[in-house]
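Structural description and commentary
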Amino acid sequence: PPFFQAEDGIRDPDHSLVGSEMCIRDRGGMMGGFRMILRLAWRNLWRNHRRTLIMLAAIVVGTWAMIFMTALMRGMVDDMVRDGISVLPGHVQIHHPDFRDDPTISNVIAPPGPKLLEALEQPEVVAWATRVRVPAVISSERDTRGVTLVGVEPDRESGISFVADDVTEGRFLESRDDRGLIVGRKLVEKMETGLGKRVAVMSQDQNNEIADRGFRIVGIFDSKMAQYEEGYIFAGEGTIQELLGVGDAVSEIAVLGMDYRNVDPLLQLVEQAAGTDVEVLPWNELDTYLGSMLAVMDGFVVVWIVVIFLALSFGLINTLVMAVFERVREIGLMLALGMTPRNILAQIVAESILLLVIGLAIGNLAAWASIEPLKGGIDLSIVGEGMEMFGASSVLYPALYLKDIVLANVIVIVLGFFASLSPAWRASRYDPVRAITKV
């Protein structure tokens, strides 16, 4: 019987669908059509298996590079932030409004009152500690250095800062009235002193008079970064308060929460309880360098993924264009038999998505297999001094986050979809007669 071309396929005089479009619709409706398109896309993908494997290898390597480098950068920045927080600021800090501009003993605050103590016992608070922190000068028989003298409560400080865990020689402070001194190894070496030796520490009291006394070094700490070892010395909080004549006043109250990336609930809790006479700030405002690093890293992840995929997209588009050129007559025949341009477009896009999904799956597995053995740390001590210059330690611990993997996969799939539209649209616009007669 005679046939004529209609928009949705080839119809006979009774207007019944024939050809491939009829097969697609009769075998399960929309789902049947979708399965048929996927089957055709899968078969066409492996017609030229060599080209497909080359493109697949490029996607795997690109995916691995995206996730592996992101894990390295995440690990470095997370380590920097954790080390920076453990130096002293905590996640949220309470201090005198003028303390940041003039960190002297004149700008002190009262110890926590009943309302603040109640807030500090809430589940959002992991640990908290009070401190007296002032500029000071330490002198040995050989040298004199400017440092930051920090008076701490040993029991509380061990849950917040690095110093308790990093004492590798001697002991940590035993009480807030301990008259010993904890000093960094680099400072000990430069001042040519050692464990058990006496040093003099000088600072300024509230009356602008010189306050000094002798301390015996009872502990030496090793920090991941040399500047901490040279810049800080620690003593009992009660001993420093007595030395400076400030009673029970403190310089700051540091509060540690659950997650350094989400400190807003903790900040609101502490602000409401602390009152208006003090300044309450999150860690990223206390240390703007670390806060900026974290924000830059979050943006870098997206930029890095997009840049890598842009390089891959040229190969992906080339693969699809070549596949379309090789099947011009075949596409024309399918159009003549009733497959709509929409289904042709869907078939080419499905080939792209299938290729990307396979490559992403293998790339994700390869990245995980590469990162997992390195979670114990990568020793970068050969460039340790350079790492320390911008606040990173000489041991790098890669951090593989599920959200980074999901982000990379979603971006690649979305960009891959748009990259495949050009060759798919070209194929769907072929004229059936000209395509079939093309030599």
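Description of the structure in this document. (Residues numbered from 1 in each chain as written. Predicted model: local features only at pLDDT ≥ 70, side-chain atom pairs only at ≥ 80, totals over all residues. Heavy atoms only, no water.)

To continue, consider helix 13 (residues 328-337). All of the buried residues along helix 13 are Val328, Ile331, Gly332, Met334 and Leu335. For helix 13, the arc enclosing every buried residue in end-on projection is 160°, short of the 170-degree limit, so these residues lie on one face. Looking at the residues trailing helix 13, positive phi occurs at Gly338, about 120°. (Buried < 20%, exposed > 50% of the residue type's maximum accessible area, 1.4 Å probe, protein only. Helix = DSSP H or I, 4+ residues; strand = E, 2+ residues; numbered from the N terminus. Arc of directions from axis to C-beta.)

Turning next to helix 10 (residues 264-274). Considered for burial, the residues of helix 10 that qualify are Leu266, Leu267, Val270 and Ala273. Seen end-on, helix 10 carries its buried residues on one side only, within an arc spanning 140°. For helix 10, the secondary structure elements touched by its buried residues are strand 4 (92-95), helix 4 (114-120), strand 12 (252-256) and strand 13 (279-282). Of the residues one or two after helix 10, Gly275 is the one with positive phi, at around 90°. (Contact = heavy atoms within 4.5 Å.)

What follows concerns the pattern of salt bridges. A full pass over the atoms with the stated rule returns 14 salt bridges. Ionic pairing is found between Arg100 and Glu279, a salt bridge with its closest N-O pair at 3.7 Å. Highlighted residues: Arg100 in the loop between strand 4 and helix 4 and Glu279 in strand 13, separated in sequence by 179 residues. Residue Arg100 is classed as partly exposed on the basis of its relative accessible area, which comes to 43%. We note a salt bridge from Arg171 to Glu174, for which the minimum N-O separation is 3.8 Å. Residue class for Arg171 comes out partly exposed when judged on its relative accessible area of 29%. One network of salt bridges, in which partners are shared, links Arg131, Arg133, Glu157 and Glu252. (Salt bridge = Lys/Arg side-chain N within 4 Å of Asp/Glu carboxyl O.)

Attention now goes to the pairing of strand 9 (residues 198-204). In strand 9, alternate side chains face the same way, and those of Val199, Val201 and Ser203 are buried while those of Arg198, Ala200, Met202 and Gln204 on the opposite face are not. Of the pairings in the sheet, the one linking strand 5 (residues 127-139) to strand 9 comprises three bridges and is antiparallel in character. The residue of strand 9 that forms the bridge with Ser139 is Ala200. Sheet topology note: the strand 9/strand 10 (residues 210-221) ladder contains seven bridges and is antiparallel. (Pairing = 2+ DSSP bridges.)

As a further point, take the side chain of Thr130. With respect to the secondary-structure elements, Thr130 resides in strand 5. A relative accessible area of 3% places Thr130 in the buried class. Among the polar contacts listed, one links the side chain of Thr130 to the side chain of Glu153, at a separation of 2.8 Å. There is a polar contact of 2.9 Å between the side chain of Thr130 and the side chain of Glu237. The contact partners of Thr130, leaving out residues within four places of it in the chain, are Pro112, Gly151, Val152, Glu153, Glu237, Val250, Glu252 and Ile253. (Polar contact = N/O pair within 3.5 Å; in protein donor to acceptor, adjacent residues only side chain to side chain.)

The way to describe two aromatic rings as a pair is by their centre distance and the angle between their planes. Under the criterion given, the structure shown has seven aromatic pairs. Measuring from centroid to centroid gives 5.9 Å for Tyr260 and Trp283, while their planes differ by 75°, and the two rings are edge-to-face. With Tyr260 in the loop between strand 12 and helix 10 and Trp283 in helix 11 (residues 283-286), this pair connects stretches of sequence that are 23 residues apart. Of the two residues examined, Tyr260 and Trp283, each falls in the buried class. (Phe/Tyr/Trp six-rings, centres within 6.5 Å; stacked < 30°, edge-to-face > 60°.)

A few words on the side chain of Ser420. Tracing the backbone shows Ser420 in helix 16 (residues 402-428). A polar atom in the side chain of Ser420 sits 2.8 Å from the backbone oxygen of Phe417. Here Ser420 is in contact with Leu320, Val349 and Ser352, once residues within four sequence places are set aside.

On the surface, a cluster of nonpolar side chains totalling about 560 Å² of accessible area is made up of Leu402, Val406, Val410, Val414, Phe417 and Phe418. If you trace the backbone, Phe417 turns up in helix 16. By relative accessible area, Phe417 is classed as partly exposed at 33%. (Patch = residues over 30% accessible without salt bridge, like charges linked within 9 Å, V, L, I, M, F, W, Y side chains within 5 Å. Areas by Shrake-Rupley, 256 points an atom, 1.4 Å probe, with all protein chains shown as cover.)

It is at 11 Å that the axes of helix 12 (residues 288-326) and helix 14 (residues 341-371) come closest, and there the two elements cross at 135°. Our classification of the angle between helix 12 and helix 14 gives oblique. Our pair here, helix 12 against helix 14, has a crossing hand that is right-handed. Mapping the contact onto sequence places Phe309, Leu316, Leu320 and Val324 in helix 12 and Ile348, Glu351, Ser352, Leu355 and Leu356 in helix 14. Here the residues of the contact of helix 12 with helix 14 are counted per class, giving seven nonpolar, one polar and one charged. (Axes fitted to C-alpha atoms, helices over the stretch in contact; angles between N-to-C directions. Parallel < 35°, antiparallel > 145°, perpendicular 65-115°, else oblique. Left-handed = near helix turned anticlockwise from the far one by under 90°. Nonpolar A, V, L, I, M, F, W, Y, C, P; charged D, E, K, R; others polar.)

Judged by nonpolar contacts, the single largest core of 42 residues is most densely connected at Trp283, Leu316 and Leu355. Breaking this core down by element, the ones donating at least two residues are helix 3 (49-87), strand 5, helix 12, helix 14 and helix 16. It is helix 3 that provides the largest number of residues to this core, a total of 13 residues. When sequence neighbours within four positions are dropped, the list of residues in contact with Trp283 reads Val81, Ile85, Gly90, His91, Tyr260, Val263, Leu290, Gly291 and Leu294. The next biggest cluster of nonpolar side chains, apart from the first, holds 26 residues, and it includes Val147, Met191, Val199 and Val246. (Core = buried A, V, L, I, M, F, W, Y, C linked by side-chain atoms within 4.5 Å.)

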